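Each chain, letter by letter, is given below.
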Amino acid sequence: MELLKERILREASVTNNDVLKLDALLNHQVDPLLTMEMGKEFARLYAEQPITKVITIESSGIPVAFATAIALGVPLLFARRKKTLIADPDSYCERVPSFTKGIVTDIMVSRQFLSPDDHVLFIDDIIANGDAARGLIKIIERSGAALAGLGVVIEKSFQAGARTIREQGIQVESLVKIASLEDGKIRFE
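Residues numbered from 1 in each chain as written. Predicted model: local features only at pLDDT ≥ 70, side-chain atom pairs only at ≥ 80, totals over all residues. Heavy atoms only, no water.

## As for the overall build of the chain
Reasoning step 1: Looking only at helices and strands, the chain has 6 helices and 10 strands in total.
Reasoning step 2: Radius of gyration (C-alpha) of the chain: 16 Å, near the 16 Å computed for a compact globule of 189 residues.
Reasoning step 3: Across its three principal axes, the chain shows a C-alpha extent of roughly 45 × 35 × 30 Å.
Reasoning step 4: A burial count over the chain gives 47% of its 189 residues as buried. (Helix = DSSP H or I, 4+ residues; strand = E, 2+ residues; numbered from the N terminus. Rg over C-alpha atoms; globule rule 2.2 N^0.38 Å. Buried < 20%, exposed > 50% of the residue type's maximum accessible area, 1.4 Å probe, protein only.)

Right under this line is the structure:
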């Protein structure tokens, strides 16, 4: 997606050889028009699948997943990262490390909203090591729902996350693949 590549080059910054700061595009500020275009692209890539829901993990994946759900005309479901006082005690839960936060968190999805009748498309903002993605995939598998695939806005292909998920036989579609962040330069595949 050329527009996204241009915006990354203009507005993202390289923190170190492993971390790309995308606050101006995905993780703090959201451009609604760009986000809607990304959602339309994911809907196009998975148009042949009988998707009943789009699923993501809070919080940075929500805008693009929302745009994708609109384009597909289906509900959006997101895994919560924090248990609240009103959280459904009957939830699927998986403990996952966060690459960018440097901590381990629980992700939860209420059993009420994910069932064997669902055919879900998982949308995420960035994939690095893939720990959070693998955690949500485990939840989807335990629910009995079918996974159509994983749509990722930015794949850091120099890290193993997307590759390990593809090795599980899961379709992964990335809008942009970054091959390297070495020497402070963003290099696309």
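Still more to cover.
## What about the pattern of salt bridges?
Reasoning step 1: Counted by the stated rule, this structure contains 15 salt bridges.
Reasoning step 2: Taking the shortest distance from any N to any O, the salt bridge between R44 and E41 comes out at 2.6 Å. Residue R44 and its partner E41 are located together in helix α3 (residues 32-45), separated by 3 residues, close to a single helical turn.
Reasoning step 3: For K53, the salt bridge goes to D118, with nearest N and O atoms at 3.4 Å. Here the residue K53 occupies a position in strand β3 (residues 53-57), and D118 occupies one in the loop between β6 (103-110) and β7 (119-127), the gap between them amounting to 65 residues.
Reasoning step 4: Exposure remark for D118: the relative accessible area of 9% places this residue in the buried category. (Salt bridge = Lys/Arg side-chain N within 4 Å of Asp/Glu carboxyl O.)

## With respect to the UniProt feature "binding site: 5-phospho-alpha-D-ribose 1-diphosphate" (unreviewed entry) in the chain
Reasoning step 1: Those residues carrying the UniProt feature "binding site: 5-phospho-alpha-D-ribose 1-diphosphate" (unreviewed entry) are A128, N129, G130, D131 and A132 in this numbering.
Reasoning step 2: Summarising the element assignment, A128 is placed in the loop between β7 and α5 (131-143).
Reasoning step 3: Those residues within four positions of D131 in sequence are excluded, and the remaining contacts are V96 and P97. (UniProt positions renumbered as here; feature names shortened; annotations may be inferred. Contact = heavy atoms within 4.5 Å.)

## Some points on the packing of aromatic side chains
Reasoning step 1: Within this structure, the stated rule accounts for 0 aromatic pairs.
Reasoning step 2: In this structure, R111 is placed above the aromatic ring of Y92, and the distance from its NZ or CZ to the ring centre is 4.2 Å. (Phe/Tyr/Trp six-rings, centres within 6.5 Å; stacked < 30°, edge-to-face > 60°. Lys NZ or Arg CZ within 6 Å of the ring centre and 35° of its normal.)

## Observations regarding unusual backbone geometry
Reasoning step 1: For the peptide bond that leads from E58 to S59, omega is 5 degrees, which places it in the cis range.
Reasoning step 2: Turning to its location among the elements, S59 is positioned in the loop between β3 and α4 (62-72).
Reasoning step 3: The phi angle at D183 is positive, at roughly 60 degrees, despite the residue not being glycine.
Reasoning step 4: With respect to the helices, strands and loops of the structure, D183 is situated in the loop between β9 (172-180) and β10 (187-188).

## Focus: the packing of α3 against α4
Reasoning step 1: For the pair α3 and α4, the least separation of the axes is 7 Å and the interaxial angle reads 55 degrees. In terms of their interaxial angle, α3 and α4 are classed as oblique. For the element pair α3 and α4, the recorded crossing hand is right-handed. Residues T35, M36, M38, G39, K40, F42 and A43 of α3 touch α4, and the partners they reach there are P63, V64, A67, T68, I70, A71 and L72. (Axes fitted to C-alpha atoms, helices over the stretch in contact; angles between N-to-C directions. Parallel < 35°, antiparallel > 145°, perpendicular 65-115°, else oblique. Left-handed = near helix turned anticlockwise from the far one by under 90°.)

## Details of α3
Reasoning step 1: Between its first and last C-alpha atoms α3 spans 20 Å; for 14 residues at 1.5 Å apiece the expected length is 20 Å, and the two agree.
Reasoning step 2: For α3, the set of buried residues is L34, T35, M38, G39, F42 and A43.
Reasoning step 3: Packed against the buried residues of α3 are α1 (2-11), α2 (23-27), α4, β7, β8 (146-156) and β9.
Reasoning step 4: Sitting at the amino-terminal end of α3 is D31, which places a side-chain oxygen 3.0 Å from the backbone nitrogen of L33. (Expected span 1.5 Å × (residues − 1). Polar contact = N/O pair within 3.5 Å; in protein donor to acceptor, adjacent residues only side chain to side chain.)

## Remarks on the pairing of β3
Across a regular strand the side chains alternate sides, sitting on one face of the sheet and then on the other.
Reasoning step 1: Summarising burial for β3: 5 of the 5 residues are buried, a large majority.
Reasoning step 2: Relative to β7, β3 is paired through 3 bridges, and the arrangement is parallel. Bridge pairing in β7 places I55 opposite F122.
Reasoning step 3: Read as a crossover between parallel neighbours, the route from β3 over α4 to strand β4 (residues 76-79) is right-handed. (Pairing = 2+ DSSP bridges. Right-handed = clockwise from strand over helix to strand, strands pointing away.)

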